[in-house]
Amino acid sequence: MRKLLLQLDSSRLPSVFDQIVAYDAGADVVLSYGGVTEGDVRDLIHGCIFTRGPKDLHNTAVWIGGNNMSAGEQLLAMAQDALFAPFCVSIMLDSNGSNTTAVAGVVRIEETVGDLEGKKVLILAGTGPVGQRAAGLLAKDGAEVTITSRKPEQGEKARQFISARFNVQVEAATLNDPSRLPELLQGVEVLLNSGPAGVQMVPRSAWERAEALRVAVDLNAVPPLGIEGIEVNDTGVTRNGVVVFGAFGIGNFKTKLHKACVARLFTRNDLVLDAEAIAEIARELVGGKAPPSRKAPVPKKELAKKK
Amino acid sequence: MRKLLLQLDSSRLPSVFDQIVAYDAGADVVLSYGGVTEGDVRDLIHGCIFTRGPKDLHNTAVWIGGNNMSAGEQLLAMAQDALFAPFCVSIMLDSNGSNTTAVAGVVRIEETVGDLEGKKVLILAGTGPVGQRAAGLLAKDGAEVTITSRKPEQGEKARQFISARFNVQVEAATLNDPSRLPELLQGVEVLLNSGPAGVQMVPRSAWERAEALRVAVDLNAVPPLGIEGIEVNDTGVTRNGVVVFGAFGIGNFKTKLHKACVARLFTRNDLVLDAEAIAEIARELVGGKAPPSRKAPVPKKELAKKK
Amino acid sequence: MRKLLLQLDSSRLPSVFDQIVAYDAGADVVLSYGGVTEGDVRDLIHGCIFTRGPKDLHNTAVWIGGNNMSAGEQLLAMAQDALFAPFCVSIMLDSNGSNTTAVAGVVRIEETVGDLEGKKVLILAGTGPVGQRAAGLLAKDGAEVTITSRKPEQGEKARQFISARFNVQVEAATLNDPSRLPELLQGVEVLLNSGPAGVQMVPRSAWERAEALRVAVDLNAVPPLGIEGIEVNDTGVTRNGVVVFGAFGIGNFKTKLHKACVARLFTRNDLVLDAEAIAEIARELVGGKAPPSRKAPVPKKELAKKK
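1. Details of the overall build of chain A
Phase 1: When helices and strands are counted, chain A shows 11 helices and 12 strands.
Phase 2: Against the 2.2 N^0.38 benchmark of 19 Å for 307 residues, chain A shows a C-alpha radius of gyration of 20 Å, consistent with a compact globule.
Phase 3: The principal-axis extents of the C-alpha atoms in chain A amount to approximately 60 × 50 × 35 Å.
Phase 4: Residues classed as buried in chain A amount to 55% of the 307 residues present.
Phase 5: Across chain A, every contact between residues at least 6 apart in sequence was considered, and the portion connecting residues at least 24 apart equals 72%.
Phase 6: When the accessible area of chain A is evaluated, it comes to approximately 12,900 Å², of which 50% is carbon and sulfur surface.
Phase 7: Distance between charge centres in chain A, computed from 35 positive and 35 negative side chains, equals 6 Å.

2. Remarks on the relation of the copies chain C and chain A
Phase 1: It takes a turn of 120° to lay chain C on chain A, together with a shift of 0.0 Å along the axis; the resulting RMSD is 0.0 Å. As the rotation angle and translation indicate, the two copies are arranged about a three-fold axis. It is Val29 of chain C whose C-alpha, among those of chain C, lies nearest the rotation axis, at 4.9 Å.

3. Considerations on the interface of chain C and chain A
Phase 1: Taken together, the 18 residues of chain C in the interface contact 14 residues of chain A.
Phase 2: Taking both sides of the interface into account, the surface hidden between chain C and chain A amounts to around 1,400 Å²; carbon and sulfur atoms contribute 61%.
Phase 3: Per-residue buried area on chain C facing chain A is highest for Arg2, Tyr33 and Thr51 of chain C; these three make up 41% of the total on that side.
Phase 4: Connecting chain C to chain A are two salt bridges.
Phase 5: Here Arg12 of chain A ties to Asp40 of chain C by a salt bridge, and the two come within 2.7 Å at their closest N and O atoms.
Phase 6: Inspection of the chain C/chain A interface yields eight residue pairs in polar contact (both at pLDDT 80 or more).
Phase 7: Among the secondary structure elements, those contributing two or more residues to the side of chain C that touches chain A are strand S1 (4–9), strand S2 (29–33) and helix H2 (38–49) of chain C.
Phase 8: Looking at the side of chain C that touches chain A element by element, the count peaks at four residues for H2 of chain C.

4. Thoughts on the nonpolar core
Phase 1: By size, the foremost hydrophobic cluster in this structure holds 248 residues, and its most contacted members are Val145 of chain A, Val145 of chain B together with Val145 of chain C.
Phase 2: In this structure, Val145 of chain C is in contact with Val121, Ile123, Ala135, Leu138, Ala139, Val170 and Glu171 of chain C, ignoring residues within four places of it in sequence.

5. With respect to the sheet that holds strand S1 (residues 4–9) of chain B
All names here are of chain B.
Phase 1: Ordered in space as S2-S1-S3-S4-S12, the five strands form an open sheet in which the pairing is parallel. Either end of the sheet is taken by a strand with one partner, and the two such strands are strand S2 (29–33) and strand S12 (272–273).
Phase 2: Sheet topology places S1 next to S2; five bridges connect them, and they run parallel. Within the sheet, the bridge partner assigned to Gln7 lies in S2 and is Ser32.
Phase 3: Contacts from helix H2 (residues 38–49) reach S1, S2 and strand S3 (60–65) within the one sheet, and its direction differs from that of S1 by about 175°.
Phase 4: Lying over the sheet, helix H3 (residues 69–82) contacts S1, S3, strand S4 (90–93) and S12, oriented at roughly 165° with respect to S4.

6. Looking at the environment of Gly35 of chain B
Phase 1: Its place among the elements puts Gly35 of chain B in the loop between S2 and H2.
Phase 2: Residues Gly35 of chain B and Lys120 of chain B lie 85 residues apart in sequence; the distance between their C-alpha atoms is 40 Å.
Phase 3: Among all residues touching Gly35 of chain B, those that are not within four sequence positions of it are Asp9, Ser10, Ser11, Arg12 and Asp40 of chain B together with Arg12 of chain C.

7. A short note on the pairing of S3 of chain B
Residues and elements named next belong to chain B.
Phase 1: Across the six residues of S3, six count as buried, placing the element largely inside the fold.
Phase 2: Side chains Thr60, Val62 and Ile64 of S3 all project onto a buried face; the interleaved residues Ala61, Trp63 and Gly65 project onto the opposite face, where all are buried too.
Phase 3: Where S1 lies against S3, six bridges are found, and the strand directions are parallel. Note that in S3 the partner of Gln7 across the bridge is Trp63.
Phase 4: With four bridges joining them, S3 and S4 adopt parallel strand pairing.

8. With respect to the sheet that holds strand S5 (residues 120–124) of chain A
All names here are of chain A.
Phase 1: With mixed pairing, seven strands are arranged side by side in an open sheet as S7-S6-S5-S8-S9-S11-S10. On the outer flanks of this sheet lie strand S7 (171–174) and strand S10 (235–239), each paired with one strand and no other. Neighbour-to-neighbour, the strand axes of the sheet open up by a mean angle of 20°, direction not taken into account.
Phase 2: Relative to strand S11 (residues 242–245), S10 runs antiparallel, the two being bridged by four bridges. By the bridge assignment for S11, Arg239 is matched with Val242.

9. Considerations on the environment of Leu137 of chain C
All names here are of chain C.
Phase 1: Within the secondary structure layout, Leu137 lies in helix H5 (residues 129–140).
Phase 2: A relative accessible area of 3% places Leu137 in the buried class.
Phase 3: Each C-alpha atom of the pair Leu137 and Ala279 lies 8.1 Å from the other, and the pair is 142 residues apart in sequence.
Phase 4: Discounting residues that sit within four places of it in the chain, Leu137 has contacts with Val103, Val106, Phe166, Ala275, Glu276 and Ala279.

10. Concerning the side chain of Gln132 of chain B
Phase 1: As for its placement among the helices and strands, Gln132 of chain B is situated in helix H5 (residues 129–140).
Phase 2: For Gln132 of chain B, a relative accessible area of 17% translates into the label buried.

Rules and cut-offs
Residues numbered from 1 in each chain as written. Chains lettered and ligands numbered in written order. Predicted model: local features only at pLDDT ≥ 70, side-chain atom pairs only at ≥ 80, totals over all residues. Heavy atoms only, no water. Helix = DSSP H or I, 4+ residues; strand = E, 2+ residues; numbered from the N terminus. Rg over C-alpha atoms; globule rule 2.2 N^0.38 Å. Buried < 20%, exposed > 50% of the residue type's maximum accessible area, 1.4 Å probe, protein only. Contact = heavy atoms within 4.5 Å. Areas by Shrake-Rupley, 256 points an atom, 1.4 Å probe, with all protein chains shown as cover. Lys, Arg positive; Asp, Glu negative; His and termini not counted. Charge placed at Lys NZ, Arg CZ, Asp CG, Glu CD. Least-squares fit on C-alpha atoms with pLDDT ≥ 70 in both. Buried area = accessible area lost by both parts, 1.4 Å probe. Salt bridge = Lys/Arg side-chain N within 4 Å of Asp/Glu carboxyl O. Polar contact = N/O pair within 3.5 Å; in protein donor to acceptor, adjacent residues only side chain to side chain. Core = buried A, V, L, I, M, F, W, Y, C linked by side-chain atoms within 4.5 Å. Pairing = 2+ DSSP bridges. Axes fitted to C-alpha atoms, helices over the stretch in contact; angles between N-to-C directions.

Take a look at the structure:
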């Protein structure tokens, strides 16, 4: 029985990127739909669940994408609403690659820092989908997260979204002038830039002076890059005593994660892969264990058994 | 050479259901087109018939679907018009599943009742695509068919459509109040409900008192069901002395029929699978023979040879 | 790794013809996009080049089609603009089959005539995409090409387009009355009709009297045919002392060429198959060598080595 991936894309032309990765990840056929709106979802999902028996439904899965993460979230909610056990199919949300990108950055940070409990994290331009998801995941790791925005209202709105979505507390700060950076970077151990492509957010001088800084991630791949001095291909190299990752350094892991998630969709018919579940898969990929703060220690016997 | 199914769907987003069943029925690739209008058909069909030689054209077929059966009928007419021997491809029409659903119901009735010649049949809400097709097929079996509608004009219009399409005579009756049911059910041996989802058309008391009734079929799968007392999964069980079928009981056979039809499309390049031809395939599936009234008796020798 | 062909079609419904030929030519999956405009191209192409590594990108290719050749040319320009080495994919342009049709006609003419240097060529209704491309290619072969049009302004515009696109000189002549044909055919050795379907452009009497004429090609497949006396299936037969080709005679070679081009796309990741490159592939198909005027003689030793 062929593995069919139903691509529901909120943009008029469904993502070529998502289709190709799906094929390379093992989907046999992608049923590709663009311009999908909330009102369309019910029938499309019912077309999935009423064609194959529950035993076979792990061979059908749903991918939700598009340029607009908020539209994607609405499609996901509608899709979940159209399922009723045992007539379920697994679903993944990754509009604009936001989930896999945010998770790839977060897991690289977790690998580098280890226990994030109480660590100060600054997420630049954290109001977008990638920044919000990274903020939520790092806050769940126990970090003290601050997101920045140019306008205070946007920051406050994003802060509320993140709190509601991830059930955590984060702070919002206004950053409309690089001169505020030294103050914002005080005590910060983790810096993540999710600002717009081609915009330098942090001049070299600003982060060189941030004494607590241990890891910095720049997700902007288009010159001028977002954090001056981090190269786009950097993957865990140390610069100025800070472990740094550039956009391609994160991107390679993101693509690997994206494929692993698509493959995972076809193993069961009841998965919902949004930020947290995707993060779990990413942690498995990098070493099979969750960061200390989220998981009780595993007795040695258990570990031995797993091997 | 891959088996290609061209899906021409009158709805904006082409049916996921039809695509998945096509793949499961053996199509290698579904070329999926939504929002197809009459004016589009000629070029799309020519794209089929001018690419492969006549000897290979049984590997290309056309599926016409969409929410609107009347739009589907127009697409079918245009598609047939665009063919010219020997440049033909097989075509099936099943907008909204109407043909396979109606046929599945009719063939279950044929199996149960046997010879339908002169038998009284009542089709509730027989003005829709499923009801019209069931009425036409049962009338061709020799039954005395009455369709009901809430408004007399709609019933009369449907009656005329059925007569023209199937070259038969059926009656239309107005049913805007359950109190009329006892009168309408007088002498009726076959009751088929093709009314809207979630609407009870027949209370239990009404059909329990219908003394001639032998088989009752309810195509409504959404509670409240259409004929009170028939369960959605009923498949030929006897209730109150009547053999009954619920929507899922018919639906399983419908899906099997749907797949068989798609597979059949790829055996020749000159099939047109509309109601009658689909009914023939369904009859083969349930036992290889047509009901007595439509077919001269086959001598024993012939039957022996066929084995 | 599957061979993926991204079909970018300027028409609302992407060509079925192009999809089927692509599958028959060896593409594993066609990612089919209709209604593609210039503004869409960049993201679609980036979806191709950022998913697979440069080493694997010969397994992804782009097909540009649609009813409108000029729209196709704009899509091609945008697509090339979105590539940057080594992140490239091979691309072919064949809107409305114009390139493969023109090339198939031209290469049949080259085969028949041999060296075209200084030969007089007349292309009837040479203002359309097929006529323009045939004119450009034959002029590059060294022929003295004249295109005809009903209106002088259209002819002049086409003449300028051809000159700019192919860097050659051609002539334009007005032909709004068959009585002008004897004068226009004077000294002409090659006659190609790319006029509209179902329009007779040349009565039999006109080309029977053209004494220099050696080859005549009619691309109109719909009766009345374009050159009276040439049958639609003619493939290099001699009529009235002239070697003639009808539309199907050319069409068979065109389809073979179309498939060869699709297959070629998947051999490298840096091809751009427009008229000239497609002509090279066609010449390989018919005998492995270019016509004398475009190629310096190859020493015997070299030829021996190639074997």
